[in-house]
Amino acid sequence: MRLADSPTLAHLAPAIRGGDALRAVDLLTGDTAFIAPPDPTGWLQAVQAGNPPPAPGAVPLRVLCWNLALLDVHVGPWSYRRSPFVDERRRPVVDLVLADGADIVFLQELWHAVDQRYLLDRAPAAGYRVACPARAHVDGLAVLVREELVTGDLEVEVHPFEVQDRIEALELPGKERFLRSWMRCSFDHPLLGHLTLFDTHFAPYPRAWWRRIVEARSLGLEVARQPADSLVIVAGDLNSGPFYARQSWRTPGDRIDHDWWHNAISLPLLQHYGGLVDLAIRGRSPEDADLEVRQSRLLENDPEAAVRSPLPCTDDHRRAFTATDCNRLYHMQYAGTEQPARLDHILARDPTGRVHVQASRHRFTERTMSVGTERVEPSDHYGVEVELLVSPVATSGTQ
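My aim in this report is to walk through the structure given alongside it, one point at a time. (Residues numbered from 1 in each chain as written. Predicted model: local features only at pLDDT ≥ 70, side-chain atom pairs only at ≥ 80, totals over all residues. Heavy atoms only, no water.)

When its secondary structure is counted, the protein chain shows eleven helices and 18 strands. For 399 residues, the compact-globule formula gives about 21 Å, and the C-alpha radius of gyration of the protein chain, at 20 Å, lands near that figure. When its C-alpha atoms are laid out on the principal axes, the protein chain stretches across 60 × 50 × 40 Å. Here the protein chain holds 399 residues, and 59% of them are scored as buried. Summed over its atoms, the accessible surface of the protein chain is roughly 15800 Å², and 52% of this surface lies on carbon and sulfur atoms. Here the protein chain contributes 42 positively and 54 negatively charged side chains, and the mean placements of these two sets differ by 2 Å. (Helix = DSSP H or I, 4+ residues; strand = E, 2+ residues; numbered from the N terminus. Rg over C-alpha atoms; globule rule 2.2 N^0.38 Å. Buried < 20%, exposed > 50% of the residue type's maximum accessible area, 1.4 Å probe, protein only. Areas by Shrake-Rupley, 256 points an atom, 1.4 Å probe, with all protein chains shown as cover. Lys, Arg positive; Asp, Glu negative; His and termini not counted. Charge placed at Lys NZ, Arg CZ, Asp CG, Glu CD.)

Written out as structure tokens, the structure is:
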């Protein structure tokens, strides 16, 4: 399909040299030459305006997606990389998830066995089934579903992507092998029929934009293969947003990172191949549909100032982005190196208009955790939450 003929990709065409002639699959070549920032304003506004009305008897469903930032990598006895305050946060952040009580929870960066065991031990008492099977590699993914929503068993599958970072995937004595993956969790709901949940965490860092394009197409095709009668929800840290105002970004140390506009490809490409819609945008007000576009254009690129102190945080900024130097933990790791972006997403395959989004919001945006003399956010990413009203199976397709 030509970019211009795809509702999710059409805004890319005028931003790319020769874009009118390009097909979706051409984006995988890595030869894309941007001449302007791809502007998703019209697309986002259309998604918000397309929020279907709730059907009679619609079933409420609260869905949370959150990157917990529990990274603690060792190579033999040496510490290779750790998230800030990981030891102080690891149990409280899991307790926070369980106490929150969302119906479905998608987690990322629950990397290590000690944290997975803690979740698995405590989730049943909090009323959850957990999809976090033992596997030979590390991917940090887990899905929680409230017990009363499941009829029968959970069917769980974990599949690594076909492209990986060489260092992450490297096998060394005493080193965990990290493979970026997707996890599928399928089950029958007593009223909504068959549900299929995909949790994922795409390749990190702006320079890995091509790997994310491959991951997006791969996962999108897997979503498209799911049974037509299954309600499919895809969530995770996609490490990409729909808009970046600057193609080049000055970072501390007098370095300039280029090709930022390429990072706006993978999110719409995933939606194109999977037939997915952005539930967070569906749940916004008309005035906020393009909030991140407007906020991105206001960002200053001053690496020295960024290192000295976090960005001043407005309510609009926190509502626009999930990964930002406004977050103290994020600032401690990435100060001034990246453009703030909405990296965390909840998407759904909803061709018949079953899913009405009552509200969407970013969660855990405040510095509620005391660590030594500091107050910090629970994680370096804000969570994403949507409140849904979903048509029961018997009334689907009647909108």
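Having seen it, we continue.
This part covers the state of the cysteines. Overall, the coordinates contain one disulfide when judged by the stated rule. Paired by a disulfide, C313 and C326 hold their sulfur atoms 2.3 Å apart. With a gap of 13 residues between them, C313 in the loop between α9 (303-308) and α10 (315-320) and C326 in the loop between α10 and α11 (328-334) connect regions that are remote in the sequence. According to the relative accessible area criterion, C313 is partly exposed, its value standing at 29%. Taking relative accessible area as the criterion, C326 reaches 3% and is therefore assigned buried. With no disulfide partner, C65 has as its closest neighbouring cysteine sulfur the one in C185, 14 Å distant. Relative accessible area serves as the criterion here: at 0%, C65 is assigned to the buried category. With no disulfide of its own, C185 has C132 as its nearest cysteine by sulfur position, at a separation of 11 Å. Using a relative accessible area of 0% as the deciding quantity, one classes C185 as buried. (Disulfide = S-S within 2.5 Å.)

So, about the packing of helix α5 (residues 209-224) against helix α6 (residues 266-274). Relative to each other, α5 and α6 sit at 20 degrees, their axes nearing to 7 Å. Looking at the two axes, α5 sits roughly parallel to α6. Crossing hand, α5 versus α6: right-handed. Contacts from R212, I213, A216, R217, L219, G220, L221, V223 and A224 of α5 reach α6 at S266, L269, L270, Y273 and G274. (Axes fitted to C-alpha atoms, helices over the stretch in contact; angles between N-to-C directions. Parallel < 35°, antiparallel > 145°, perpendicular 65-115°, else oblique. Left-handed = near helix turned anticlockwise from the far one by under 90°. Contact = heavy atoms within 4.5 Å.)

Moving on to the pairing of strand β8 (residues 181-189). In terms of burial, β8 is largely enclosed, as eight of its nine residues are buried. Sheet topology places β8 next to strand β9 (residues 193-201); eight bridges connect them, and they run antiparallel. Each residue of the ladder has a partner; that of F187, found in β9, is L195. From the end of β8 to the start of β9, which pair antiparallel, there are three residues. (Pairing = 2+ DSSP bridges.)

This paragraph deals with the packing of aromatic side chains. For the structure on display, the rule yields six aromatic pairs. When the ring of F161 is compared with that of F202, the centres are 5.7 Å apart and the planes differ by 80 degrees; the resulting orientation is edge-to-face. Within this pair, whereas F161 is found in the loop between β7 (151-160) and α4 (166-169), its partner F202 is found in the loop between β9 and α5, the two being separated by 41 residues in sequence. Directly above the aromatic system of Y128 lies the positively charged group of R146, at a separation of 4.7 Å from the ring centroid. (Phe/Tyr/Trp six-rings, centres within 6.5 Å; stacked < 30°, edge-to-face > 60°. Lys NZ or Arg CZ within 6 Å of the ring centre and 35° of its normal.)

This brings us to the pairing of strand β3 (residues 78-82). As paired strands, strand β2 (residues 72-75) and β3 are joined by four bridges and run antiparallel to one another. When the sheet's bridge partners are listed, D72 is paired in β3 with R82. Counting the residues between successive antiparallel strands, the hairpin from β2 to β3 contains two residues, one of them, G76, with a positive phi of roughly 65 degrees.

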